[in-house]
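Here are the chains, one letter per residue:
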Amino acid sequence: MSRMDQYGRSRASGICRVVMVAAALAGVAGVVPGAHARAADPVTFLAAARDGAARFSRQSCPVVQPDARGIVRHDPYPHDFGGEAGDTQGGLGYPLFKVTDGGDDSVHPAPGTLRHALNDAQAAGGGWIVFSHDLDGRVIVPQATFRLPSNITLDGGCGQVTLEARARLTDLTVTDSTNIIIRGLKLTKQPYVDKTDKTGDAIGLTGFFDRVAIVHNDFRRCGDGCVDIVRKGRINAASHATVAFNHFQAHNKVMLIGTLTCYITPDAPGCTDPLAHLDEDAMRPWVRVSITGNYFESTSQRHPKVVSNAYVQSVDNVIVLKPTLYPDGKPSASYGVAAATGGVVDARGDMIVNQEPDTKLGVGSITLTRRIGGSTQEADGAVNINDLHLYGPLLAEPFRAELARQMHGASVPTPPASMRPEVLAACVMGLAGAAGGGNQWPRDCGASK
């Protein structure tokens, strides 16, 4: 049985959790040590943040200019995402390819189509892919999943092009590839019914991958997951990714990160007591992900959910929770950031909003209790929390925080600590998504004051 029931209500126990619930119910933000103790209810906080975001000054979309040989030597976008994939260069130093045809034929791709450009980039050892302005406002419907090769930048040009796959199909997949930037795209799915239809993801990272940056994209109604970073089995090789400045909207299960080994095979090595084996290959967090400056608007759960063999640092994200209604009228689970079965989370500066009357988990560990060999076993995730801002009835539950702190996450650019949460939230809301691709974080946060 999980600490949360099917509706996402956390089962609080102990003085620490009770104090946090009381503070959250009173509308107090920052109920953990080091947080800003500002009295504000969810409605007041969101109104102030949205007002600031409406006045945010967005910069024009940069233009990529290749040299005389057609090679992209300069990245015109602010390279400010940092984190675990902060050294990703994508298609820098490789040929420029332009998509001029919005169609798709997965068997015989025509010149000018995205699939043809991906094939050309793979043959060239890498490439920077842009879309012609003739395709502005167009929807590209993949006939099969677009698989991204190494050393590419897939540049959507600040949101002028939408990828809309069939419900069962994943739009973009990264596997056995490295050094990739996905930016400036809108990603969605054709209509589907939550919890009824079988769906794929918008972006899926699986198998071995490394140095993947997913920045300044718009995600809406993504199917199974907007960005799922899930290995089917354990791989003893490090993978690094950064998910930054994206706008996730109107979706249920946003991000799942890690391996499913301990869910599929609970008695696999290390799974009976995962946090005791983090320094061993069986449970080592080989998958390392930074999630920073994203705006989750009216999303339900997995912001992200982190499971075995994964470490996530979650920094300065705005998460506005809203349960998804299933066809039977029941609401989905609803929570912020969670760790389970040996997953590790270090959350810093996140701003989480719950406008529902029921108390929900803002950040914490979910205990998975199961019977193995006649005995009961519990598998938790490790969670460190610092400078968290909670608005509405929410819980903050650090657990084995020292394990998360020992992971020493990569450097992530952050705004001044003195910045008020509603001002920071306004900046994130204004900058996140494809349209904010020309802005620099956190320098341009002053524009939202």
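See above for the structure.
All values derive from a computational prediction rather than experimental measurement.

Each pocket or cavity is described by its volume, and for the largest pocket that value is around 600 Å³. Forming the boundary of the largest pocket are 22 residues, of which Thr170, Asp201, Asp224, Asp228 and Lys232 lie nearest the centre. By residue number, the principal contributor to the lining of the largest pocket is strand β15 (residues 227-231), which donates 3 residues. Grouping the amino acids of the lining of the largest pocket by side-chain chemistry returns 6 nonpolar, 7 polar and 9 charged.

Looking now at unusual backbone geometry. Of note, the bond from His303 into Pro304 is cis; its omega dihedral lies within 30 degrees of zero at 10 degrees. Here the amide bond leading from Trp441 into Pro442 is cis, since omega sits at -5 degrees, within 30 degrees of zero. Along the polypeptide, Pro442 turns up in the segment after α6 (421-431). Despite not being glycine, Asp176 has its phi angle at roughly 55 degrees, a positive value. Residue placement: Asp176 occurs in the loop between β9 (172-174) and β10 (177-183). Classification of Asp176 by relative accessible area gives exposed; the value is 61%. Even without glycine at this site, Arg211 takes up a positive phi of about 55 degrees. Mapped onto the elements of the fold, Arg211 is located in strand β13 (residues 209-215). By relative accessible area, which is 26% here, Arg211 ends up partly exposed.

Spatial strand order, β5-β8-β11-β14-β17-β20-β23-β26-β31: 9 strands in an open sheet with parallel pairing. Strand pairing shows two members of the sheet lacking a second neighbour, β5 (138-140) and β31 (389-391), which therefore form its edges. Going from strand to strand, the sheet's axes swing by 20 degrees on average, the running direction of each strand aside. Here strand β17 (residues 247-253) runs beside strand β20 (residues 295-301); their pairing, made up of 5 bridges, is parallel. Note that in β20 the partner of Phe248 across the bridge is Phe296.

Disulfides are covalent bonds that link the sulfur atoms of two cysteine residues. Tallied over the full model, the rule gives 4 disulfides. In this model Cys222 forms its disulfide with Cys226; the gap between the sulfur atoms is 2.3 Å. Judged by the sign of its S-S torsion, about 80 degrees, the cystine formed by Cys222 and Cys226 is right-handed. Taking the relative accessible area as the measure of exposure, Cys222 reaches 0% and is therefore buried. Looking at Cys226, the relative accessible area reads 0%, which means it is buried. One disulfide in the model links Cys427 with Cys445; its S-S distance is 2.3 Å. Across the disulfide from Cys427 to Cys445, rotation about the S-S bond amounts to roughly -75 degrees, and the bridge is consequently left-handed. You can see Cys427 sitting in helix α6 and its partner Cys445 sitting in the segment after α6, a full 18 residues away along the chain.

A general tendency of soluble globular proteins is for nonpolar side chains to be buried together. One finds Leu172, Phe219 and Ile229 to be the most contacted residues of the largest nonpolar core, which totals 60 residues. It is helix α3 (residues 114-123) that contributes the most residues to this core, 4 residues altogether. Membership of the second largest hydrophobic core comes to 28 residues, among which are Ala213, Phe245, Val353 and Ala432.

On the secondary structure map, Gly336 appears in the loop between β23 (318-321) and β24 (337-339). For the pair Gly336 and Val353, spaced 17 residues apart in sequence, the C-alpha separation works out to 9.0 Å. In this structure Gly336 touches Arg302, His303, Pro304, Leu321, Leu361 and Gly362, once residues within four positions along its chain are discounted.

Here we take up the packing of helix α2 (residues 42-54) against α6. It is at 7 Å that the axes of α2 and α6 come closest, and there the two elements cross at 50 degrees. Classified by the angle their axes make, α2 and α6 are oblique. Crossing handedness for the pair α2 and α6: right-handed. Contact with α2, carried on its side by Phe45, Leu46, Ala48, Ala49, Arg50, Gly52 and Ala53, involves Pro421, Glu422, Ala425, Ala426, Met429 and Gly430 of α6 and no other residues of that element.

It is worth spelling out α6 at this point. Taking burial as the measure, the 11 residues of α6 include 11 buried ones, the bulk of the element. For α6, the set of buried residues is Pro421, Glu422, Val423, Leu424, Ala425, Ala426, Cys427, Val428, Met429, Gly430 and Leu431. Gly433 sits one or two residues past α6 and shows a positive phi near 100 degrees.

Within the secondary structure, Thr324 sits in the loop between β23 and β24. In terms of polar contacts, Thr324 uses its side chain to reach the side chain of Ser300, at 2.7 Å. Apart from the residues within four sequence positions on either side, Thr324 is in contact with Asp194, His251, Asn252, Ser300, Lys330, Pro331 and Ser332.

Along α3, the residues classified as buried are Leu114, Arg115, Ala117, Leu118 and Ala121. Down the axis of α3, the buried side of the element spans an arc of 160 degrees, and every buried residue falls inside it. In the core, the buried residues of α3 are packed alongside β3 (96-99), β4 (127-131), β6 (146-147), β7 (152-155) and β8 (161-165). Immediately beyond the C-terminal end of α3, within one or two residues, lies Gly125, with a positive phi of roughly 85 degrees.

To continue, consider the packing of aromatic side chains. Taken as a whole and judged by the stated rule, the model has 4 aromatic pairs. Taken together, a centroid distance of 4.8 Å and an interplanar angle of 10 degrees make the contact between Phe219 and Phe248 stacked. Note that Phe219 is positioned in strand β14 (residues 218-220) and Phe248 in strand β17, a separation of 29 residues in sequence. Across this residue pair, the class does not change: Phe219 and Phe248 are buried. An aromatic cluster of at least three residues, connected via ring pairs, comprises Phe219, Phe248 and Phe296. Over the face of the ring belonging to Tyr77 we find Arg183, whose NZ or CZ atom lies 4.1 Å from the ring centre.

Scoring rules and cut-offs
Residues numbered from 1 in each chain as written. Predicted model: local features only at pLDDT ≥ 70, side-chain atom pairs only at ≥ 80, totals over all residues. Heavy atoms only, no water. 1 Å grid on protein atoms, 1.4 Å probe; cavity = no way out; pocket = protein on both sides within 12 Å on 5 of 7 lines; lining within 4 Å. Points joined across faces, edges and corners; volume = space filled by probe spheres on them. Helix = DSSP H or I, 4+ residues; strand = E, 2+ residues; numbered from the N terminus. Nonpolar A, V, L, I, M, F, W, Y, C, P; charged D, E, K, R; others polar. Buried < 20%, exposed > 50% of the residue type's maximum accessible area, 1.4 Å probe, protein only. Pairing = 2+ DSSP bridges. Axes fitted to C-alpha atoms, helices over the stretch in contact; angles between N-to-C directions. Disulfide = S-S within 2.5 Å. Core = buried A, V, L, I, M, F, W, Y, C linked by side-chain atoms within 4.5 Å. Contact = heavy atoms within 4.5 Å. Parallel < 35°, antiparallel > 145°, perpendicular 65-115°, else oblique. Left-handed = near helix turned anticlockwise from the far one by under 90°. Polar contact = N/O pair within 3.5 Å; in protein donor to acceptor, adjacent residues only side chain to side chain. Arc of directions from axis to C-beta. Phe/Tyr/Trp six-rings, centres within 6.5 Å; stacked < 30°, edge-to-face > 60°. Lys NZ or Arg CZ within 6 Å of the ring centre and 35° of its normal.

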